[in-house]
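Residues per chain are reported as follows:
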Amino acid sequence: MRLHSRAVLPLLWAVPALLLSDPASAAEGHVKVVSALPNFGSIASAIAGDRIDLTVIASGSQDAHFVDPKPSYIVKLRKADLLLVNGLDLEIGWVPPLTQGARTARLMPGGAGYIDCSTGIRVVEVPLSLSRTEGDVHPYGNPHYLTDPLNAEIVAGTIAEALKRFDPAGAQAYEDGRRAFVRRLHEALFGKDLVDLAGGAKLSREAFAGTLDVFLDGTSVGGSPLRAHLGGWLGKMQAVKGKAVVTYHKDYSYFAERFGIRVIDFVEPKPGISPSAKHLEELLTRLKQGDVSVILTRPYVEHRSTDYLAERTKVKILTLPIEVGGAPEATDFFRLFDYATDQIVRALSGGQAAAGR
């Protein structure tokens, strides 16, 4: 989580004016979509298919807080119809320099083509006050909302509506794509059997309201509770529900809430602050209590601290992506969560293979 923007690179303002004079238009053909991050690109592609020309700026192996705003991205933006951003200041260090460099009003905040995908998301961990002593805190709350896969249903709606506004002729195709994406998401999260019995929309409402467990245990079909039909990622994660983990950064809050695992501490003492020797010793003492078996970390952070902790305890280090493309297996949004839930269940259950429906 970051509080302040990085310096705008003076280089960006040196992009030749000739490159800034090419207007974009849906009338030229496919809608030109630029996605700041891979997950939004994957969702947009699933909804719109070949009706859009998609460019994704960050790769899945990059830290979304720190992406170099290269001048070549400005050229892409200048030609774009829509820009998909995470919002909540996650990309504040690099998206504003790009949009300012592109000098395209529609892609500025508030413009018709600037699509903040955090719209409608229930944001957690919104700070009550801001202080540099608390580290690099995002003033609008935790921006890593797509670690809860159900939030992709909201994001899909936001993207589909933007596409309909820009390309009315394709409105029905975008709506069909959104519905197909949401149906697939529900089946992946709850399992096809349960979706067929209870309906994905009902399950989604219960899950968003935090009442899914009560609904599954209190509703019977054929003499057995609906919980017996729970499958998908949630069914798979039931085996490790309640287990405790440590994460490197504060980016698994939404995931933990959805799947019922407990994040009891962080390798970073505060967001964006590297661990001190004192903090590592305190964390080492905590890990030796024995109730934590896994530290979740990311591919692009330093590994010296987690290696230090693993060498002195029996805790496993699990390096997982949170963006599409962050691992070879994570080729789209669904396979990202297939991979993540498989790996977490395997690690938290002592190395046994995960099995889901």
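Keep in mind it's a predicted model, so treat the numbers as computed, not measured. (Residues numbered from 1 in each chain as written. Predicted model: local features only at pLDDT ≥ 70, side-chain atom pairs only at ≥ 80, totals over all residues. Heavy atoms only, no water.)

(A) Region of the structure containing the nonpolar core. Membership of the largest hydrophobic core comes to 90 residues, with the highest contact counts inside it found for Ile-43, Leu-163 and Phe-181. Ranked by the residues each element gives to this core, the list is headed by helix 13 (residues 333-348), at 10 residues. Setting aside its immediate chain neighbours within four residues, Ile-43 contacts Leu-146, Ala-152, Val-155, Ala-156, Ile-159, Phe-181 and Phe-333. Residues Val-246, Leu-283, Leu-287 and Leu-309 belong to the second largest nonpolar core, which totals 13 residues. (Core = buried A, V, L, I, M, F, W, Y, C linked by side-chain atoms within 4.5 Å. Buried < 20%, exposed > 50% of the residue type's maximum accessible area, 1.4 Å probe, protein only. Helix = DSSP H or I, 4+ residues; strand = E, 2+ residues; numbered from the N terminus. Contact = heavy atoms within 4.5 Å.)

(B) Layout of the environment of Leu-283. The topology assignment puts Leu-283 in helix 11 (residues 277-287). Dropping the residues within four chain positions of it, Leu-283 is found in contact with Val-246, Asp-265, Phe-266, Val-267 and Leu-309.

(C) Seen up close, the packing of aromatic side chains. Applying the stated criterion across every chain, the model contains 9 aromatic pairs. Measuring from ring centre to ring centre gives 6.5 Å for Phe-181 and Phe-333, while their planes differ by 45°; the resulting arrangement is tilted. Taken together, the residues Phe-181 in helix 5 (residues 171-190) and Phe-333 in helix 13 connect sequence positions 152 residues apart. There is no split in this pair, since Phe-181 and Phe-333 are both buried. (Phe/Tyr/Trp six-rings, centres within 6.5 Å; stacked < 30°, edge-to-face > 60°.)

(D) The arrangement of the sheet that holds strand 9 (residues 292-297) in detail. Spatial ordering of the open sheet is given by 8-7-9-10, a layout of 4 strands whose pairing is parallel. In the strand order of this sheet, the two ends are held by strand 8 (262-266) and strand 10 (316-319), each with one partner. Going across the sheet, the axis of each strand differs from the next one's by a mean of 35°, ignoring polarity. Of the pairings in the sheet, the one linking strand 7 (residues 244-247) to strand 8 comprises 4 bridges and is parallel in character. Opposite Ala-244, over in strand 8, you have Arg-262 as the bridge partner. On the sheet, helix 11 packs against strand 7, strand 8 and strand 9 and is oriented at approximately 145° with respect to strand 8. (Pairing = 2+ DSSP bridges. Axes fitted to C-alpha atoms, helices over the stretch in contact; angles between N-to-C directions.)

(E) Examining the pairing of strand 1 (residues 31-35) more closely. The buried count for strand 1 comes to 4 of 5 residues, which makes it a mostly enclosed element. In this structure, strand 1 lies alongside strand 2 (residues 52-56), joined through 5 bridges in parallel fashion. Pairing of Lys-32 across the sheet is with Asp-53, part of strand 2. The β-α-β motif built from strand 1, the intervening helix 1 (residues 38-48) and the parallel element strand 2 has right-handed crossover chirality. Looking at chain direction, strand 1 and strand 3 (residues 82-85) are connected through 3 bridges and run parallel. When the bridges of strand 3 are listed, Ser-35 appears paired with Leu-84. (Right-handed = clockwise from strand over helix to strand, strands pointing away.)

(F) A look at unusual backbone geometry. A positive phi angle is found at Leu-88, which is not glycine, with a value near 55°. One non-glycine residue, Glu-125, adopts positive backbone phi at about 55°.

(G) Focus on helix 13. Over its 16 residues, helix 13 runs 23 Å from end to end, which matches the ideal 22 Å to within 8%, given 1.5 Å per residue. Among the residues of helix 13, those classed as buried are Phe-333, Phe-334, Leu-336, Phe-337, Tyr-339, Ala-340, Thr-341, Ile-344, Val-345, Ala-347 and Leu-348. Where helix 13 begins, the side chain of Asp-332 points an oxygen toward the backbone nitrogen of Phe-334, at a separation of 3.0 Å. Following helix 13 by one or two positions, Gly-350 adopts a phi angle in the positive range, close to 80°. (Expected span 1.5 Å × (residues − 1). Polar contact = N/O pair within 3.5 Å; in protein donor to acceptor, adjacent residues only side chain to side chain.)

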